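# A look at the structure
The residues making up each chain are set out below.
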Amino acid sequence: MAAAAGGSGGCWFLALALGVSLLKCLLIPTYHSTDFEVHRNWLAITHNLPVSKWYYEATSEWTLDYPPFFAWFEFALSHVAKYFDQEMLVIQNLNYSSQATVFFQRLSVIFTDILFVYAAHECCRYVNGKRPGKELLEKPMFVLAVLLLWNFGLLIVDHIHFQYNGFLFGLMLLSVARLFQKRHLEGALLFAVLLHFKHIYIYVAPAYCVYLLRSYCFTENKADGSLKWSSFSFLRITLLGLIVCLVSALSLGPFAVLGQLPQVISRLFPFKRGLCHAYWAPNFWALYNAVDKTLAVVGTVNYLNDRWIGSRIPAHCPSFCDSTSHTHLYLHLHIGPRGFLQCLILCALSSFMFGWHVHEKAILLAILPLSLLSVESPKRAGIYLILTTTGHFSLFPLLFTPPEIATKILLMLLFTVYSFSSLRALFRKEGPLLNWLETIYLIELVPLEIFCEIVFPLTPWKLKFPFIPLLLTSVYCAVGITYAWLKLYVSVLTESVTVRQKAE
C-alpha cells in the first residue's frame, strides 16, 4: 500500500457507512447470545462496586475477564445505561433483558462502531490497487470499504450474537493506518491501548514489535536493504518503551497498588480451561480431535481428552511459539508496511490455527486485515475468498434459532456474492482467482448447510447425536482455513525469496 489518491470519496463512503448502520438498527430485535448477559453483568459490576472488587465479584458465572480498559469502558457505559433502565444495573438481576436494556446495549455497539468506520476510511485512503478502474464500483477503495464496513462476520457477531468487536478492530485498523502513514508512535500507542481493552490481540503483538524495531528504531539501511546496525536509535526505542509502560501503568497500576495483579491475571488467562472450546473452532485442533476420536472409536489409539492434553501442553504455548516464528520470518521480508501487514495476518491466522481454547469468532482477526491486501493482488484476493467464505460459514452455528436462519443465509449470500464479483472485476485480466478444486470445495458448503439445517433435524440422530452438525461444520471449515493458511504462508515465503533475489 502506498498513499492513495483520487478524491476524498466522502459521499460514497458516508452512504456505505449510513447504509450498514441502518441495517444494524434493523437487527436490534434479533436473537442475542449469553454474551449479552455477560456485558449486562459487567455494567452492573463496574457501576455498583469499587474498583477493588471488580475482579473478585462472582455472583454471576460471567465474571469480569477482560483487561481494565474494557472494565472502565463498561463503567462509562453504565452511567448512560441508568437513564434507560436502572434494573439492568442490579448485580442480582441475572439474565435481565428488558426492551430498554436490549435497546441500550444494541445501540451502544452501533454507536461505538463509529471508530471502526473512521479506521476503515483511513485504511481506504492508503489502498494501492493494481488497476484503479474508471467506474467507482470498480475502484479498490470502494471495494475495500464494502469488504470492511459490510463484513458479514462482524455484522452477525456484534449485532446479532452480541459483542463489542467493532470498535476494537477499529483501534487495530487505525493503528495499522498510522504505521502506513509513518506515524509510528501513534500506531504503537493505539495498539498498546488496544491490548488493554482485549488481550486476544497479543497474538499479533510480535508483528508490531519486530516492525517497529526494524523500521522505526533502525533509521537507515545499507544499499542492499539490510540493516545498518550503527543506525539504531536509543531515543526511539526509549520513546516506544515509555508508551508501553505508561499505558500499562494506567491500566494495571491501580490493581498493582491494591495488590490484586495476580487476581486480574488469573481472570484474563484462565489456564484451567480445555484446549478446545465447546464448539471446536475450525483449526488444527479440530482436525486433530476428529482424527483422534475416529481412531479411538475403531480401537487404534486411546482418545486424548482435553485433560490429557492440558497437562502436557502449556496454555497458549502453540500460538505464542508460532507467532514468534513469524517474527523471525518477517526479518527476511521487505521492511515496508505491506510486509508488516502480511506478518500481522500470519500471526493472527497461526494463532487461530494452534491457539489454546480458541473461539470461532477469532477468525475475524485474520479476515479483516486480509481485506486490505485482497484488493491489491489476485493471489491475495484468491486466498481472501477462501478464508472469508469458510471462516464466515464456520460462524453459522452461533445463530441457531429458527428466525435467524434466513437472516444469516441472506446476509452471507449477499456479502459472498459481492466479494467474488467485485474482486473478479478488479482482476478480470489476471485470470480466475480460484482453481477448480478450490471452487468445488466452496460450493460443497451449500449441501453441508442444507444437511445441517434441514436434513439432520428430520433424522432420528438428532436426539442421540445432536453435535453432528457442529462437528461437520467445524471439521469441513478447518480444512479450508488450514489450506488458506498454508497458501498464504507459501505465498509470503515465495515473494520474500523473489524480492531478495531482485535486490541481489
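The shown structure was predicted, so the numbers you read here are calculated from the model rather than taken from an experiment.

### Side note on the overall build of the chain
Of regular secondary structure, the chain possesses 23 helices and 0 strands. Evaluated residue by residue, the chain yields a buried proportion of 53% over its 504 residues. In the chain, the proportion of contacts linking residues at least 24 apart, taken out of those at least 6 apart, comes to 76%. A total of about 22,400 Å² of accessible surface is found on the chain, and carbon and sulfur atoms cover 69% of it.

### Digging into the packing of aromatic side chains
Under the counting rule described, the total for this entry stands at 38 aromatic pairs. When the ring of Phe 354 is compared with that of Trp 485, the centres are 5.4 Å apart and the planes differ by 70°; the resulting orientation is edge-to-face. Taken together, the residues span a long stretch of sequence, with Phe 354 in helix H16 (residues 337–354) and Trp 485 in helix H23 (residues 468–503) at a distance of 131 residues. No difference in accessibility class separates Phe 354 from Trp 485, as the two residues are buried.

### What about the nonpolar core?
Counting residues in hydrophobic clusters, the biggest one holds 142 residues, and the most contacted among them are Phe 70, Phe 169, Tyr 208, Leu 387 and Leu 423. Leu 387 has contacts with Leu 349, Ile 363, Ala 366, Ile 367, Leu 370, His 392, Ile 481 and Ala 484, leaving out every residue within four places of it along the chain.

### So, helix H5 (residues 114–124)
Among the residues making up H5, those that are buried are Phe 116, Val 117, Ala 119, Ala 120, Glu 122, Cys 123 and Cys 124. Those residues of H5 hidden inside the fold are in contact with helix H1 (10–26), helix H4 (99–112), helix H6 (140–149), helix H7 (152–162), helix H8 (165–180) and helix H17 (364–374).

### Details of the side chain of Lys 198
Within the secondary structure, Lys 198 sits in the loop between helix H9 (184–195) and helix H10 (205–217). Although Lys 198 is buried, it forms no salt bridge, and the closest oppositely charged side chain is Asp 158 at an N-O distance of 7.5 Å. Within the structure, the side chain of Lys 198 is placed 3.2 Å from the side chain of Asn 165, a separation counted as a polar contact. Among residues more than four places away in sequence, those in contact with Lys 198 are Tyr 66, Pro 67, Gln 163, Asn 165 and Leu 168.

### Topic: the environment of Leu 136
By the element assignment, Leu 136 lies in the loop between H5 and H6. Residues Leu 136 and Trp 12, spaced 124 residues apart in sequence, show a C-alpha to C-alpha distance of 9.0 Å. Apart from the residues lying within four places of it in its own chain, the contact partners of Leu 136 are Trp 12 and Phe 142.

### What to know about a nonpolar patch on the surface
On the surface, a cluster of nonpolar side chains totalling about 480 Å² of accessible area is made up of Val 80, Tyr 83, Phe 84, Phe 103 and Leu 107. Turning to its location among the elements, Phe 103 is positioned in helix H4. Residue Phe 103 is classed as partly exposed on the basis of its relative accessible area of 38%.

### Examining the environment of Gln 163
Counting through the fold element by element, Gln 163 comes out in the loop between H7 and H8. Given a relative accessible area of 8%, Gln 163 falls into the buried group. Sequence separation between Gln 163 and Arg 106 is 57 residues; the distance between their C-alpha atoms is 9.2 Å. Not counting the four nearest positions on each side in its chain, Gln 163 is found in contact with Asp 35, His 39, Val 109, Val 157, Asp 158, Lys 198 and Lys 361. Within the structure, the side chain of Gln 163 is placed 2.7 Å from the side chain of Asn 165, a separation counted as a polar contact.

### Topic: the packing of H6 against helix H19 (residues 402–426)
Following both chains from N to C, one finds H6 and H19 inclined at 160°, their axes separated by 11 Å at the closest point. Classified by the angle between their axes, H6 and H19 sit roughly antiparallel to one another. Like other packed secondary-structure pairs, H6 and H19 cross with a definite hand, here left-handed. Where H6 abuts H19, its residues Pro 140, Phe 142, Val 143, Val 146 and Leu 147 lie against Phe 415, Tyr 418, Ser 419, Ser 422, Leu 423 and Leu 426.

Conventions and cut-offs
- Residues numbered from 1 in each chain as written.
- Predicted model: local features only at pLDDT ≥ 70, side-chain atom pairs only at ≥ 80, totals over all residues.
- Heavy atoms only, no water.
- Helix = DSSP H or I, 4+ residues; strand = E, 2+ residues; numbered from the N terminus.
- Buried < 20%, exposed > 50% of the residue type's maximum accessible area, 1.4 Å probe, protein only.
- Contact = heavy atoms within 4.5 Å.
- Areas by Shrake-Rupley, 256 points an atom, 1.4 Å probe, with all protein chains shown as cover.
- Phe/Tyr/Trp six-rings, centres within 6.5 Å; stacked < 30°, edge-to-face > 60°.
- Core = buried A, V, L, I, M, F, W, Y, C linked by side-chain atoms within 4.5 Å.
- Lys, Arg positive; Asp, Glu negative; His and termini not counted.
- Salt bridge = Lys/Arg side-chain N within 4 Å of Asp/Glu carboxyl O.
- Polar contact = N/O pair within 3.5 Å; in protein donor to acceptor, adjacent residues only side chain to side chain.
- Patch = residues over 30% accessible without salt bridge, like charges linked within 9 Å, V, L, I, M, F, W, Y side chains within 5 Å.
- Axes fitted to C-alpha atoms, helices over the stretch in contact; angles between N-to-C directions.
- Parallel < 35°, antiparallel > 145°, perpendicular 65-115°, else oblique.
- Left-handed = near helix turned anticlockwise from the far one by under 90°.

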